[in-house]
Amino acid sequence: TYQGRREWVTAAAEFNRLASEYPQGQWADDARFQVCRSYHQLAPRPQLDQEYTRSAVDHCQALLTFYPQSEYVPRAQEIIAELVNRLAHKEFITAEDYFRRRAFDSAIIYYDIVATDYPTSEWAPRALLRMVHSYERLGYDPEARAARDRLLRQFPNSPEAQQIREVTARSGS
């Protein structure tokens, strides 16, 4: 009923209560998935606070941990991938803001968070490329090479790696 009325917080609380009070019940995995789904509905666009996004990921992970054979596992995995990408996007936006303001040291910190904490996201290779650019602007050549090598090693087939290869071929370095 709460989901039908789009009262996602209340729905999540009630499903969470059901899953916690009856972890061996026949509806336990369904309840865990509905908590995941409710928080997923609350997850805002990347520019905003991501508290609900993190909660959705945590609750989806709980489903995978406690009920690995559940019919809901594939959908929970899809939700996790989508939301991890959103969390990475949030950090990337912050890094880009610092980059635009020429605060390259701060930008590098956030690009590294994206590449390290969210390596499966679409933002990870972009973050590594921007790390290369940030280090180059600071004149930190060894660090720029290390970021370039990391990009080529971890994401060899990405458009960003191709871009690095083209620039390297043109410059002869």
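Per chain, the residues get numbers from 1 upward, laid out in the order the sequence is written. Whole-chain, interface and lining totals are the exception, using all residues; otherwise, since this is a predicted model, local features are given only for residues with pLDDT of at least 70 and side-chain atom pairs are given and counted only at 80 or more. To get the side-chain values, take all heavy atoms of the structure and skip hydrogens and water.

## Things to note about helix α4 (residues 73-100)
Our working rule: Secondary structure counts use DSSP, requiring at least four H or I residues in a row for a helix and at least two E residues in a row for a strand, with both numbered from the N terminus. Helix span, expected: 1.5 Å multiplied by one less than the number of residues in the helix.
Over its 28 residues, α4 runs 40 Å from end to end, which matches the ideal 40 Å to within 8%, given 1.5 Å per residue. Of the residues one or two after α4, Arg-102 is the one with positive phi, at around 65°.

## Description of the packing of aromatic side chains
Spelled out, the test is: Stacked, edge-to-face and tilted are the three classes for Phe, Tyr and Trp ring pairs, Trp counted by its six-membered ring, which pair at centre distances within 6.5 Å; planes under 30 degrees apart are stacked, over 60 edge-to-face, the rest tilted. When accessible area is computed with a 1.4 Å probe and restricted to protein chains, residues below 20% of their type maximum are described as buried, those above 50% as exposed, and intermediate ones as partly exposed. Lysine NZ or arginine CZ positioned within 6 Å of the ring centre and within 35 degrees of the ring normal marks a charge as sitting over the ring.
Applying the stated rule across the entire model yields 8 aromatic pairs. Seen in terms of ring centroids, Phe-33 and Tyr-72 are 4.8 Å apart; in terms of plane orientation they differ by 10°. Their pairing is stacked. Of the two residues, Phe-33 sits in helix α2 (residues 28-42) while Tyr-72 sits in the loop between α3 (51-66) and α4, which places them 39 residues apart along the sequence. Given the relative accessible area of 6%, Phe-33 is considered buried. One aromatic cluster in this structure is built from Phe-92, Phe-99, Phe-104, Tyr-111 and Trp-123. The ring of Trp-123 carries Arg-126 above its face, with NZ or CZ at 4.2 Å from the centroid. A cation over a ring is seen here: Arg-130 above Phe-99, with NZ or CZ 3.8 Å from the ring centre.

## Let's talk about the pattern of salt bridges
What counts is decided by this rule: For this analysis, a salt bridge means a side-chain nitrogen from Lys or Arg found within 4 Å of a carboxyl oxygen belonging to Asp or Glu.
Under the defined criterion, the tally for this structure stands at 12 salt bridges. In this structure, Glu-78 engages Arg-75 in a salt bridge whose closest nitrogen and oxygen atoms are separated by 3.2 Å. You can see Glu-78 and its partner Arg-75 sitting in helix α4, 3 residues apart, about one turn around the helix. For Glu-78, a relative accessible area of 48% corresponds to the partly exposed category. Glu-96 is paired through a salt bridge with Arg-130; the nearest N and O atoms lie 2.9 Å apart. Placement of the pair is Glu-96 in helix α4 and Arg-130 in helix α6 (residues 123-138), with a sequence separation of 34 residues. Accessibility expressed as a relative area gives 17% for Glu-96, which makes it buried. Salt bridges sharing common partners tie together Glu-14, Arg-17 and Glu-21.

## Things to note about the state of the cysteines
Rules: Note on terminology: pairs of cysteine sulfur atoms within 2.5 Å are recorded as disulfides.
Overall, the coordinates contain 1 disulfide when judged by the stated rule. Covalent S-S linkage joins Cys-36 and Cys-60, the inter-sulfur distance amounting to 1.7 Å. Judged by the sign of its S-S torsion, about 50°, the bond between Cys-36 and Cys-60 is right-handed. You can see Cys-36 sitting in helix α2 and its partner Cys-60 sitting in helix α3, a full 24 residues away along the chain. Assigned by exposure class, Cys-36 and Cys-60 land together as buried.

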